[in-house]
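Listed below are the residues making up each chain.
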Amino acid sequence: MTTAHSGVSIRKVRKAYGNVEVIRELSVDVHEGEFMVFVGPSGCGKSTLLNLIAGLDRPTSGRVTSEGRTTLMFQESALFPWLTVGANISLALKLRGVPRSDRPGQVRALLSSVQLEGFGDRLPHELSGGMRQRVAIARAFAQDVEVLLMDEPFGALDAMTRDLLHDELERLWLDRGLSVVFVTHNVREAVRLADRVVLLSSRPGRVVEEFHVAADRPRRIESPEVSGLAGTITASLRQEVSRHAADVV
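Note that this is a predicted model, so its numbers are computed, not measured.

## Overview of the overall build of the chain
Counting secondary structure elements, the chain contains seven helices and nine strands. For 249 residues, the compact-globule formula gives about 18 Å, and the C-alpha radius of gyration of the chain, at 18 Å, lands near that figure. Here the C-alpha coordinates of the chain stretch approximately 60 × 40 × 35 Å along the principal axes. Split into buried and exposed, the 249 residues of the chain put 47% on the buried side. Side-chain charges of the chain comprise 31 positive and 31 negative groups, with the mean position of each set lying 5 Å from the other.

And the structure:
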């Protein structure tokens, strides 16, 4: 489903904070419509990379370009707690310039897309963690983005809820043709969702290996195809962590 066009282009990016080099000479393309997942050891620069793509930070050197509007989702839904679910989504529409008269209908459509019809009047604290993340996805789509950046968005959820949201996210991604850049520590989650999994090195982060996921969709996280490739990636990840530990010693 990917094309030759690049949704995100990262070229020889280096990012340092003072004397601490977080990313070194990292180059990778995320193709238009592709679901790419980054995995790697803690501190390898995965979240920093998302911030660079989103424009929240700038590389020390190198270039990051994105074809189209981007939005960044975090592990926490980051909803405004004093606003209702509908008002949280409506605010995103307002900031996008959608006329007031058009917003209620669009809010209803967005809530329907994440299977939360009838929850527009609820406050965030009245929802489960999984439902709040669904609202966060709806709010992201309210911004009419082409590139969706996701930083461990399901990391705080239980396994069953996470599995259900994998299905929801995959359905919405296919329906809308977005480019998705997803960061996770869960290798099985990476294989379950990705067209391509990119393994980053220990800090400073750089591309160690890429894995194309050929398994047909929809996938199940417990399937032999997913668990088999996840095992291969995990072995490479362990090797990278061991190499870094040996270098430190």
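Next comes the rest of the write-up.
## Quick notes on the nonpolar core
In terms of nonpolar packing, the biggest core is built from 47 residues, with Ile89, Leu148 and Phe182 touching the most fellow members. Counting residues per element, this core draws most heavily on helix 4 (residues 129–142), at seven residues. Dropping the residues within four chain positions of it, Phe182 is found in contact with Phe35, Met36, Val37, Phe38, Met150, Pro153, Phe154, Leu169, Glu189 and Leu193. Leu26, Phe38, Leu50 and Val198 belong to the second-largest nonpolar core, a separate cluster that totals 22 residues.

## With respect to the confidence of the model for the chain
For the chain, per-residue confidence averages 91 on the pLDDT scale, and residues scoring 70 or more make up 95% of the total. Taken element by element, the predicted model of the chain shows its lowest mean pLDDT in helix 7 (residues 224–248) (84) and its highest in strand 3 (residues 35–39) (97).

## Section: the environment of Leu199
Inspection of the secondary structure puts Leu199 in strand 8 (residues 196–200). The exposure class of Leu199 is buried, given its relative accessible area of 0%. Note: C-alpha distance between Leu199 and Phe38 (161 residues apart in sequence) is 6.0 Å.

## What to know about the side chain of Gln133
In this structure, Gln133 sits in helix 4. In this structure Gln133 comes out as buried when scored by relative accessible area, which is 2%. Within the structure, the side chain of Gln133 is placed 3.3 Å from the backbone oxygen of Phe74, a separation counted as a polar contact.

## Topic: the sheet that holds strand 9 (residues 207–212)
Reading across the sheet, the six strands line up as 5-6-7-3-8-9 and stay open at both edges, with mixed pairing between neighbours. Two strands lie at the open edges of the sheet, namely strand 5 (70–73) and strand 9, each paired on one side alone. On average, each strand axis in the sheet is inclined to that of its neighbour by 15°, with strand direction left out of account. The pairing of strand 5 with strand 6 (residues 147–151) spans four bridges and is classified as parallel. Paired with Leu72 across the bridge in strand 6 is Leu149.

## What to know about the packing of aromatic side chains
If you walk through the whole model with that rule in mind, you get four aromatic pairs. On the basis of an interplanar angle of 85° and a centroid distance of 5.3 Å, the ring pair of Phe35 and Trp173 is categorised as edge-to-face. Residue Phe35 is located in strand 3, and its partner Trp173 is located in helix 5 (residues 159–176); the two are separated by 138 residues in the primary sequence. Residue Phe35 is classed as buried on the basis of its relative accessible area, which comes to 1%. Given a relative accessible area of 0%, Trp173 falls into the buried group. Relative to Phe182, the ring of Phe35 lies with its centre 5.9 Å away and its plane at 40°, an arrangement referred to as tilted. One end of the pair, Phe35, is in strand 3; the other, Phe182, is in strand 7 (residues 179–183), and 147 residues separate them in sequence. The class for Phe182 is buried, based on a relative accessible area of 0%.

## Brief notes about the environment of Val197
Here Val197 lies in strand 8. Judged by relative accessible area, Val197 falls into the buried class, the value being 0%. Through-space distance from the C-alpha of Val197 to that of Glu67 is 21 Å; in sequence the pair is 130 residues apart. If we ignore the near neighbours within four places in the chain, the residues touching Val197 are Val37, Val39, Ala190, Val191, Glu209, Glu210, Phe211, Val213 and Ile233.

Scoring rules and cut-offs
- Residues numbered from 1 in each chain as written.
- Predicted model: local features only at pLDDT ≥ 70, side-chain atom pairs only at ≥ 80, totals over all residues.
- Heavy atoms only, no water.
- Helix = DSSP H or I, 4+ residues; strand = E, 2+ residues; numbered from the N terminus.
- Rg over C-alpha atoms; globule rule 2.2 N^0.38 Å.
- Buried < 20%, exposed > 50% of the residue type's maximum accessible area, 1.4 Å probe, protein only.
- Lys, Arg positive; Asp, Glu negative; His and termini not counted.
- Charge placed at Lys NZ, Arg CZ, Asp CG, Glu CD.
- Core = buried A, V, L, I, M, F, W, Y, C linked by side-chain atoms within 4.5 Å.
- Contact = heavy atoms within 4.5 Å.
- pLDDT = per-residue confidence, 0-100.
- Polar contact = N/O pair within 3.5 Å; in protein donor to acceptor, adjacent residues only side chain to side chain.
- Pairing = 2+ DSSP bridges.
- Axes fitted to C-alpha atoms, helices over the stretch in contact; angles between N-to-C directions.
- Phe/Tyr/Trp six-rings, centres within 6.5 Å; stacked < 30°, edge-to-face > 60°.

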